[in-house]
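Letter by letter, the chains look like this.
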Amino acid sequence: MSLKEKERYYLEIAREHSTTVLIILDNESCLVYASKVFLNIANIPDFSVITGKPYKSALMPYIHYKALGDISDILDEVNDGVHPLTKHQSIDFHNTGTPHVYAVNGMPLIDNHGVSIGTALRLYDITDMHTAIDTANRASTAKSEFLSNMSHEIRTPLNAVIGMTAIAREAKDIEKIHYCMEKIEESSTHLLSLINDILDMSKIEVDKLVLSPVEFNFKTMIERISNMLRYKFEEKHITYKVICDPLIPNTILCDEQRLAQVLVNLLTNALKFTSIGGTITLTATLASTDGEDNTLYFSVKDNGIGISETQLGNLFIPFSQADNSISRKYGGTGLGLAISKKIVELMDGSIDVQSTLHNGSEFFFTIQAKTGIANPAQKIPLLMTSNNEFHILKAHDFTGKTILLVEDIEINREVVISLLEGTGVDIVEAENGEEAIKLFSTDPYKFSLIFMDIQMPVLDGLTATRKIRSMEMPKARTIPIVAMTANVFKEDVEKCQAAGMNDHVSKPIDISMVLEKMHKYIKK
């Protein structure tokens, strides 16, 4: 094989196996080389069809005139310059409407005597990388905006808590102090809801959000939600209507907490975007039933500011809102609807919205739920409210009973002790798991229940529970141990159960839940 034949052979190998678009022109702008990738893109059957011809006339039958113009402009730019050209260029070779993005390298070819002998043009398809970078940048921008909004959302209730605390400290009027306490409670509740949204979203992103179905009275749940939001409706003089289909079973089986969360999200949004004196309607109907399987349909309709057609597409996307100005004017994290959508989908349903700008919105969704037992046992009423003060009912009488409260933070112990004041229960305190073991082993039959924190110095709650359960005494195996912790994920509850705990109460403390556990585990 002659040297010239070898060169031709190797050139052919290069053409066949090159992964980029490569075009070489001679000094007369005629094609002397084109990689197979380019031939495939341009649908050119063989290089022999175009070789030796001026590139414009040779390529005109195969690629769109706009793409040919783009290539011509690039070549002109290469030949007019003194340095190699590097740039990104969108080229749509066949006018499909979806151009590819190429990293372009162009250089004049100079022989050993400094004379131009042609031009080389290399195009590397970076569409996927460009799309990925663009997507990442948009996601980063969305999350940055979210974090900025979140900072504002968290600082606002914190400012109220700190400010109202300072006002209450200086106040002499008891009504002023009560007012400050009410605002502190409202702001703290709002702050907790923000944290819960963030935690829910983090679980959704790693596919860890799961449902916990329970049997519950459907109409009682609707009444509880309505009562919880009633004062907000009254503040804005909103007409609030509830239409509840009597055909819906009294008791259903699904995740009550998550269903309530979706409804509260939609009702809160409606409140936020409905002007003073407006109307909000919650509708719940039985869409279909098949034995114990039911399809429930819900609608939250308002006559508020509405949503434009172009904004509707962003509503259920995490870290975004219909309009960035929404967060500045009305507040909110942009997570509520994304979380609601995931919950509804986990319940084998779907959620959607109909809205017209300046003419109100209607959010509607379906879920699947089974029919529960006909006459569920009624829970003991836990709390009643009067003048914004909690009064423990006489039903909560634990006189003669003693609980062991294991908690390393003094103020947390103080909160529990104060909330249970009036129930007659005696409380023994322990600052860590090691203290708890000593107190229990000294007089195990003294205690009716142990509330156990998880994260503590010296000895954590899980280890302390395992050590108590391993003691050689009957009481150690039967004493009810209830986790009282800020570790609230499903896997945290499972760890508590695996360590030998009977139940779980999350922080911040809901006194009604604490009393419910005491009724459940303390024998009268």
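Attention here is on the structure that accompanies the text.

Reading guide: rules and limits
Residues numbered from 1 in each chain as written. Predicted model: local features only at pLDDT ≥ 70, side-chain atom pairs only at ≥ 80, totals over all residues. Heavy atoms only, no water. Helix = DSSP H or I, 4+ residues; strand = E, 2+ residues; numbered from the N terminus. Buried < 20%, exposed > 50% of the residue type's maximum accessible area, 1.4 Å probe, protein only. Areas by Shrake-Rupley, 256 points an atom, 1.4 Å probe, with all protein chains shown as cover. Patch = residues over 30% accessible without salt bridge, like charges linked within 9 Å, V, L, I, M, F, W, Y side chains within 5 Å. Salt bridge = Lys/Arg side-chain N within 4 Å of Asp/Glu carboxyl O. Phe/Tyr/Trp six-rings, centres within 6.5 Å; stacked < 30°, edge-to-face > 60°. Axes fitted to C-alpha atoms, helices over the stretch in contact; angles between N-to-C directions. Parallel < 35°, antiparallel > 145°, perpendicular 65-115°, else oblique. Left-handed = near helix turned anticlockwise from the far one by under 90°. Contact = heavy atoms within 4.5 Å. Nonpolar A, V, L, I, M, F, W, Y, C, P; charged D, E, K, R; others polar. Pairing = 2+ DSSP bridges. 1 Å grid on protein atoms, 1.4 Å probe; cavity = no way out; pocket = protein on both sides within 12 Å on 5 of 7 lines; lining within 4 Å. Points joined across faces, edges and corners; volume = space filled by probe spheres on them. Arc of directions from axis to C-beta. Polar contact = N/O pair within 3.5 Å; in protein donor to acceptor, adjacent residues only side chain to side chain.

**Points about the overall build of the protein chain**
Across its full length, the protein chain carries 16 helices and 19 strands. Within the protein chain, the fraction of its 524 residues that count as buried is 41%. Accessible area for the protein chain stands at about 28900 Å²; split by element, carbon and sulfur atoms hold 54% of it.

**Focus: a nonpolar patch on the surface**
On the surface, Ile409, Ile411 and Val415 cluster together into a nonpolar patch covering about 250 Å² of accessible area. Looking at the element boundaries, Val415 is found in helix H11 (residues 410–419).

**Structural notes on the packing of aromatic side chains**
For the structure shown, the criterion picks out 7 aromatic pairs. With centroids separated by 5.9 Å and ring planes inclined at 85°, the aromatic side chains of Phe93 and Tyr102 adopt a geometry described as edge-to-face. When its relative accessible area of 4% is taken as the criterion, Phe93 is described as buried.

**Description of the pattern of salt bridges**
Overall, the coordinates contain 13 salt bridges when judged by the stated rule. Ionic pairing is found between Arg224 and Glu256, a salt bridge with its closest N-O pair at 3.4 Å. With a gap of 32 residues between them, Arg224 in helix H7 (residues 218–235) and Glu256 in helix H8 (residues 256–273) connect regions that are remote in the sequence. Bridged by salt links that share partners, the residues Glu407, Asp453 and Lys507 form one connected network.

**Topic: the packing of helix H6 (residues 174–205) against helix H10 (residues 336–346)**
In a packed pair of helices, the relevant descriptors are the angle between the two axes and the axis-to-axis distance. Remark: H6 packs on H10, axes separated minimally by 10 Å, with the N-to-C direction vectors making an angle of 50°. Our classification of the angle between H6 and H10 gives oblique. Along this stretch, H6 crosses H10, giving a crossing that reads as left-handed. On the side of H6, the interface is formed by Asp197, Asp200, Met201 and Ile204, while H10 contributes Ala338, Ile339 and Lys342. When its residues are assigned to classes, the contact of H6 with H10 shows 4 nonpolar, no polar and 3 charged.

**Things to note about the pairing of strand S10 (residues 293–302)**
Most of S10 sits inside the fold, with 7 of its 10 residues counted as buried. Linkage of strand S9 (residues 279–290) to S10, two consecutive antiparallel strands, is achieved through a turn of 2 residues, within which Gly291 is found at a positive phi near 70°. Here S10 runs beside strand S12 (residues 361–371); their pairing, made up of 10 bridges, is antiparallel. Within S12, the position partnered with Val300 by the bridge is Phe363.

**Here we look at empty space enclosed by the protein**
Enumeration over the complete set of coordinates arrives at 2 cavities of 30 Å³ or more. Put simply, the second largest cavity is a space of about 50 Å³. Taken together, Ile23, Leu25, Tyr55, Leu59, Ile71, Leu75, Thr119, Ala120 and Leu121 form the lining of the second largest cavity. Secondary structure elements with two or more residues in the lining of the second largest cavity: strand S1 (21–26), helix H3 (55–59), helix H4 (65–80) and strand S5 (116–125). It is S5 that provides the largest number of residues to the lining of the second largest cavity, a total of 3 residues.

**Some points on the environment of Val344**
You can see Val344 is positioned in helix H10. On the basis of relative accessibility, which here comes to 1%, the residue Val344 falls in the buried class. Once the C-alpha coordinates of Val344 and Gln368 are considered, the two residues, 24 residues apart in sequence, prove to be 9.1 Å apart. Once residues within four sequence positions are removed from consideration, Val344 is found in contact with Val262, Gly349, Ser350, Ile351, Phe365 and Thr366.

**Here's the deal with the packing of helix H12 (residues 433–442) against helix H13 (residues 461–469)**
At a minimum axis separation of 9 Å, H12 and H13 run at an interaxial angle of 25°. In terms of orientation, H12 lies roughly parallel with respect to H13. Our pair here, H12 against H13, has a crossing hand that is right-handed. Here Gly433, Ile437 and Phe440 of H12 lie close against H13, whose contacting residues are Ala464, Lys467 and Ile468. Taken together, the residues that form the contact of H12 with H13 break down as 4 nonpolar, 1 polar and 1 charged.

**Observations concerning the environment of Ile177**
If you trace the backbone, Ile177 turns up in helix H6. Measuring from C-alpha to C-alpha, the distance between Ile177 and Met164 comes to 8.8 Å, with 13 residues separating the pair along the chain. Discounting chain neighbours no more than four positions away, the residues touching Ile177 are Ala168 and Ala171.

**Digging into H13**
Each α-helix turn comprises 3.6 residues. Residues three or four places apart therefore point the same way. Taken residue by residue, H13 has Gly461, Leu462, Ala464, Thr465, Ile468 and Arg469 as its buried positions. Across the axial projection of H13, the buried residues extend over an arc of 165°, all falling on one side. In this structure, the buried residues of H13 make contact with H12, strand S17 (449–452), helix H14 (474–478), strand S18 (481–485) and helix H15 (490–499). The N-cap of H13, judged by a side-chain oxygen 3.0 Å from the amide nitrogen of Leu462 a few residues on, is Asp460.

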